[in-house]
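So you can see what is in the structure, the chains are spelled out below.
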Amino acid sequence: MDNSTRKIRVLVAKPGLDGHDRGAKVIARALRDAGMEVIYTGLRQTPEMIAAAALQEDVDAVGVSILSGAHNTLCPRIVSLLREQGMTDTLVVLGGIVPQEDIAKLKEQGVAEIFLPGTSTQEIATFIRENVKPRE
Amino acid sequence: MQELKEASSQDQLKRNRWEEITLQKSLGRQPERTSKFQTVSLANIARLYDPTDVADVSFDRDISFPGEFPYTRGIHATGYRGKLWTMRQFAGFGTPEETNARFKYLLKEGQTGLSVAYDLPALMGYDADSSLSEGEVGKCGVAVSSLADMEALFEGIPLDQVTVSQTINAPASVFLAMYLVVAEKQNADWKKISGTLQNDILKEYIAQKEWIYPIRSAMKLVIDTFEFCTNHVPRYNPISVSGYHIREAGATALQELAFTLRDGIEYVDWGMRAGLDLERFVPRISFFFNAHNDFFEEIAKYRAARRIWARVMRDQFGAVNERVMQMRFHTQTAGVSLTVQQPLNNIVRVAIQALAGVLGGTQSLHTDAYDEALALPTDRAALIALRTQQIIAEETGVANTADPLGGSYFVEALTTEMEQGALDYFDRIDAMGGMVEAVEKGFPQREVQDSAYQYQKALERGEQTIVGVNKYAMADELQEVPILVIDENVRNHQVERLERTRAQRDNSAVERTLDAVRKAAQRGDNTMPATIDAVREYATLGEICSALRDVYGIYEEPAI
């Protein structure tokens, strides 16, 4: 399918034990309103479940929401599982409470961008639109 | 009656005159800043409140005196002149030893009650060594997996002298059992100890989402704690019906009020159906509200909450004892309102929110630390939060008189509007068959989600302001505050203690008591005695919750 007609597909994922899903749900709805296809995983997904869902849904981007401080454990694992299953171009972005010190390392590990509290949903939609890899 | 009507139409005439003359002249010179003035809940606020707005509000029926029905002006005749609110800072991080040190620090600095924050594995009923706990141990609260951790947590803190509030819900009955066994080991009399268990499972399904079992089994566990405490720990509050998390998840002030009170009614209904005595168990039901940014909306919310509860308890449940009708509540400032950007501004937000809680007549208060949008609070940030309460209590003078805002046209009109809005929600929920049914249908969840989205859109349109974020933002802002970092070794420390505990205990006694927990759950008996027995044998949190999972199964969230 031609990239200009195919909608960008995004998996909004909530790993870890935390139940604070306000952000994940607001983002899911905002990306949908911005014209993307959004699949929300629901709560308490393991990195394995998230990677499997990304493959099955053939998404262009995975948006991970973590507020609990578990990002250093969970994010690198999600990225490497995606890469292992051949999803080398899939954009991974993270939203949540992430200390400044952790940001550079997460980027090195393959997280394309980290959105901190206060980021507008439009900014996130724009970033995803501009950074997903065009499809054949 | 005739006189009242005449007075009210007189007031209307005066109001009309003011609008035609004074207001018109003023608007001609200086138009208003915007066409709509809204609260943070996106509720419209009128230009002016005057006697016409409270024409239907009766002093005797709706406002009355502090300490008297319907308690709009507070449950104590002397307000805070007798006793200030309890300053109860929510704290918990890392190992039980680290949190114990923080507790002692806060008590030394004049805090008057404790409040425990548990980590996510504890909230979900998993031990620190579960694979699901990886990366989460001690992060959002203190790590507790068994009685051994609980003993370390309260080491040197006499439970018959300090009241402790525990924020724990799905596995609350296990934490109550651990608390009681620690008290027992300190030789503290269960009849004398007090404290509060959050134990509000309905709001978990609505907002906070830390559930384990299906909703009706979870409700049964809550009722077990009511029954057990009524008979054995009579001064303990086995529930804190919480609007706080509903609000944080995006609800408006009105939705927070309505869903929380309707949850409270649901617990009373379930307690009555289980044969509990209204006059004995309801006085121990406490509440917990948010204190958000919109000052007067919050104050009206607290006043309406007391009035609604008193009326429902008297009129719907036939209460005669005033303690059944008096709503007691805790307040916490709004974590969701705190910003990462220019974090010291949060000190100001918290102070104003806390003031609303005090002017609304709260029984206890937690003030958030300014660094909470970044991480768990440092000692310094936690201390400023406590000092904020002490300044409100001892410098501002607001605690000198009972309900200082009573009689304000604006506050009374808003209070009545809140009450009516909540009663409308009650009607919709009752039509669904009750709150359990409404939650099963996803009704409150959808309402909250919609409000969260509407607020986000209003924010992005610039109709709502967050200073330092969508207005007065600074481009080259320095990260100006140090934050608390939780050591990844906390998990190792906790896993080691678990291994020691498992090696030292009588494992056949553990098996036997866990089996008794399962049997009690199967038979529909009260699970508390068996849970306490299992805790005494050092069965872990994960083991006890797993025994209950065997019987009850787990909750699956419907797509909403």
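Bear in mind that the values here come from a model prediction, so they are computed numbers and not experimental data.

### Points about unusual backbone geometry
Residue and element names in this part refer to chain B.
Consideration 1: With an omega of 0°, the peptide bond running from Phe69 to Pro70 counts as cis.
Consideration 2: When you line up the elements, Pro70 lands in the loop between helix H2 (59-63) and strand S1 (86-91).
Consideration 3: Residues other than glycine seldom take positive phi values, yet Ser64 does so here, at roughly 60°.
Consideration 4: Following the sequence through the fold, Ser64 ends up in the loop between H2 and S1.
Consideration 5: Here Ser64 falls in the partly exposed class, since 18 other C-beta atoms lie within 10 Å of it.
Consideration 6: Its identity is not glycine, yet Tyr472 carries a phi of approximately 55°, on the positive side.
Consideration 7: Tracing the sequence through the fold places Tyr472 in the loop between helix H18 (443-460) and helix H19 (490-504).

### Digging into the sheet that holds strand S4 (residues 91-96) of chain A
Residues and elements named next belong to chain A.
Consideration 1: Here we have 5 strands laid out as an open sheet, ordered S2-S1-S3-S4-S5, and parallel in their pairing. One side of each edge strand has no neighbouring strand; the edge strands of this open sheet are strand S2 (37-40) and strand S5 (113-115). In this sheet, neighbouring strand axes are inclined to one another by 20° on average, regardless of whether the strands run parallel or antiparallel.
Consideration 2: Two strands pair when backbone bridges link them, and strand S1 (residues 9-13) and S2 are joined in this way by 4 bridges, in the parallel orientation. Of the residues in S2, the one forming a bridge with Val12 is Tyr40.

### Overview of the interface of chain A and chain B
Consideration 1: Contact with chain A, which involves 25 residues of that partner, is made by 30 residues of chain B.
Consideration 2: Counting residues per element, the ones that place at least two in the side of chain A that touches chain B are helix H1 (22-33), helix H3 (71-84) and helix H5 (121-131) of chain A.
Consideration 3: The greatest single-element share of the side of chain A that touches chain B, amounting to 4 residues, is contributed by H1(A).
Consideration 4: For the side of chain A that touches chain B, a count of residues per class yields 9 nonpolar, 11 polar and 5 charged.

### Focus: the domain arrangement of chain B
Residue and element names in this part refer to chain B.
Consideration 1: Along its sequence, chain B is organised into domain 1 (61-81 + 164-394 + 402-443) and domain 2 (503-552).
Consideration 2: The centre of domain 1, based on its C-alpha atoms, is set 30 Å off from the matching centre of domain 2.
Consideration 3: Each partner contributes residues to the interface: domain 1 has 16 residues there, and domain 2 has 13 residues.
Consideration 4: Elements supplying a minimum of two residues to the side of domain 1 that touches domain 2: helix H6 (172-185) and helix H8 (215-232).

### Let's talk about the packing of helix H10 (residues 253-273) of chain B against helix H12 (residues 295-316) of chain B
Residues and elements named next belong to chain B.
Consideration 1: Look at H10 against H12: their axes get within 10 Å of each other, and the N-to-C directions meet at 25°. Judged by the inter-axis angle, H10 sits roughly parallel to H12. Between H10 and H12 the crossing geometry is right-handed. Here Ala253, Leu257, Leu261, Gly264 and Ile265 of H10 lie close against H12, whose contacting residues are Glu297, Glu298, Lys301, Ala304, Ala305, Ile308, Trp309 and Val312.
Consideration 2: Partitioned by chemical class, the residues of the contact of H10 with H12 number 9 nonpolar, 1 polar and 3 charged.

Conventions used here
- Residues numbered from 1 in each chain as written.
- Chains lettered and ligands numbered in written order.
- Predicted model: local features only at pLDDT ≥ 70, side-chain atom pairs only at ≥ 80, totals over all residues.
- Helix = DSSP H or I, 4+ residues; strand = E, 2+ residues; numbered from the N terminus.
- Buried ≥ 20, exposed ≤ 12 C-beta atoms within 10 Å, placed from the backbone.
- Pairing = 2+ DSSP bridges.
- Axes fitted to C-alpha atoms, helices over the stretch in contact; angles between N-to-C directions.
- Contact = placed C-beta atoms within 7 Å.
- Nonpolar A, V, L, I, M, F, W, Y, C, P; charged D, E, K, R; others polar.
- Domains from an automatic or database assignment.
- Parallel < 35°, antiparallel > 145°, perpendicular 65-115°, else oblique.
- Left-handed = near helix turned anticlockwise from the far one by under 90°.

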